[in-house]
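Here is what each chain is made of, one letter per residue.
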Amino acid sequence: MNLSHLLFFFFLLLLVSQVKSTDDMIEETCKTCASKSMIFDYNFCMSSLNSPPMSPPPPLLPTNLSFLALTPMLQALDNATATASIIQQLMSEGGGFEDDDYGRACLRDCLELYEDAAERLEEAVRVFVSREEKETVKVMVSAAMEVATTCETGFMERDGGDGGGAMTWTSPLGVENYKLFELGEIAICIINMISPVTSMSL
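Residues numbered from 1 in each chain as written. Predicted model: local features only at pLDDT ≥ 70, side-chain atom pairs only at ≥ 80, totals over all residues. Heavy atoms only, no water.

1. Describing helix α5 (residues 134–156)
Here α5 contains 23 residues, and its C-alpha end-to-end distance of 33 Å stays within 8% of the 33 Å for a straight helix at 1.5 Å per residue. Burial in α5 covers these residues: Val137, Lys138, Met140, Val141, Ala144, Met145, Val147, Ala148, Cys151, Gly154 and Phe155. Of the surrounding secondary structure, the elements contacted by the buried residues of α5 are α3 (65–91), α4 (101–129) and α6 (174–193). (Helix = DSSP H or I, 4+ residues; strand = E, 2+ residues; numbered from the N terminus. Expected span 1.5 Å × (residues − 1). Buried < 20%, exposed > 50% of the residue type's maximum accessible area, 1.4 Å probe, protein only. Contact = heavy atoms within 4.5 Å.)

So, in structure tokens, the structure goes:
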């Protein structure tokens, strides 16, 4: 076997090993986060961390928690940007809310909230990558999570809103609100797991 073949197999084995270590890191991270919260969605965590974001992603094979934390933050940014577009479509002609004043008011509020969330998450990514104060990043991500809760609560209040009765009206943004909240929860959990000496190596 010549040198080029040996090098090929060496790099192939290295790639396979890195993929395995990444998979192990993702699984261990999701398990750790799930053990710390009754409402943490382990399956959503596994699915999200194994899916690259649409925004410029971190390396495809993250080697430490800092790189891994970027994935849910970028996915949350994608979510906020896409949800703002969805809201605009719902409010447009033919969106289904032409004669629904209450629904349109909720959508207007949610649009403003999601546009603000996108700005906060973009700044959170910038601050995180520049290795500034982690607590600042967590505050920004938490604010984005609050957007999801506030938006959903606005629609729930249509039915009397205390959660004690049967819901007769469904939020058109329930899935998007859930995803944003969960992605924020994943990001904050991972950030809390990062030691002060962890290097981004960007």
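Next, the rest of the story.
2. Comments concerning the nonpolar core
Judged by nonpolar contacts, the single largest core of 53 residues is most densely connected at Met73 and Tyr114. Looking at this core, the elements that each hand over two or more residues are α1 (3–35), α2 (42–49), α3, α4, α5 and α6. When near neighbours in sequence (up to four residues on either side) are disregarded, Met73 contacts Val125, Phe128, Val137, Val141, Ala187 and Ile191. (Core = buried A, V, L, I, M, F, W, Y, C linked by side-chain atoms within 4.5 Å.)

3. Comments concerning α4
With 29 residues, α4 ought to run about 42 Å at 1.5 Å a step, and its terminal C-alpha atoms sit 42 Å apart, in line with that. Its side-chain oxygen 3.4 Å from the backbone nitrogen of Tyr102, Asp100 forms the N-cap of α4. Phi for Arg131, located one or two positions after α4, is positive at around 60 degrees. (Polar contact = N/O pair within 3.5 Å; in protein donor to acceptor, adjacent residues only side chain to side chain.)

4. Concerning the UniProt feature "coiled-coil region" (unreviewed entry) in the protein
As recorded in UniProt, the sites labelled "coiled-coil region" (unreviewed entry) are residues 104–131. The span residues 104–131 carries 93% helix and 0% strand; its end-to-end C-alpha distance comes to 40 Å. (UniProt positions renumbered as here; feature names shortened; annotations may be inferred.)

5. Details of the packing of α3 against α6
It is at 9 Å that the axes of α3 and α6 come closest, and there the two elements cross at 160 degrees. When the axis of α3 is compared with that of α6, the two are roughly antiparallel. Every pair of crossing elements has a handedness; the one defined by α3 and α6 is left-handed. Where α3 approaches α6, its residues Leu65, Leu68, Ala69, Pro72, Met73, Gln75, Ala76, Asn79, Thr83 and Ile86 are matched on the opposing element by Glu176, Lys179, Leu180, Leu183, Ile186, Ala187, Ile190, Ile191 and Met193. (Axes fitted to C-alpha atoms, helices over the stretch in contact; angles between N-to-C directions. Parallel < 35°, antiparallel > 145°, perpendicular 65-115°, else oblique. Left-handed = near helix turned anticlockwise from the far one by under 90°.)

6. Notes on the state of the cysteines
Tallied over the full model, the rule gives three disulfides. What pairs with Cys33 in a disulfide is Cys189, and their sulfur atoms sit 2.0 Å apart. On the sign convention where negative is left-handed, the bridge of Cys33 and Cys189, at about -105 degrees about the S-S bond, is left-handed. One end of the pair, Cys33, is in helix α1; the other, Cys189, is in helix α6, and 156 residues separate them in sequence. Accessibility expressed as a relative area gives 1% for Cys33, which makes it buried. One disulfide in the model links Cys110 with Cys151; its S-S distance is 2.1 Å. On the sign convention where negative means left-handed, the S-S torsion of about 105 degrees between Cys110 and Cys151 marks this disulfide as right-handed. Remark: Cys151 occurs in helix α5 and Cys110 occurs in helix α4; sequence separation between them is 41 residues. As far as the burial class goes, Cys110 and Cys151 line up, both buried. Between Cys106, a free cysteine, and Cys110, which holds the nearest cysteine sulfur, the sulfur-to-sulfur gap is 6.5 Å. (Disulfide = S-S within 2.5 Å.)

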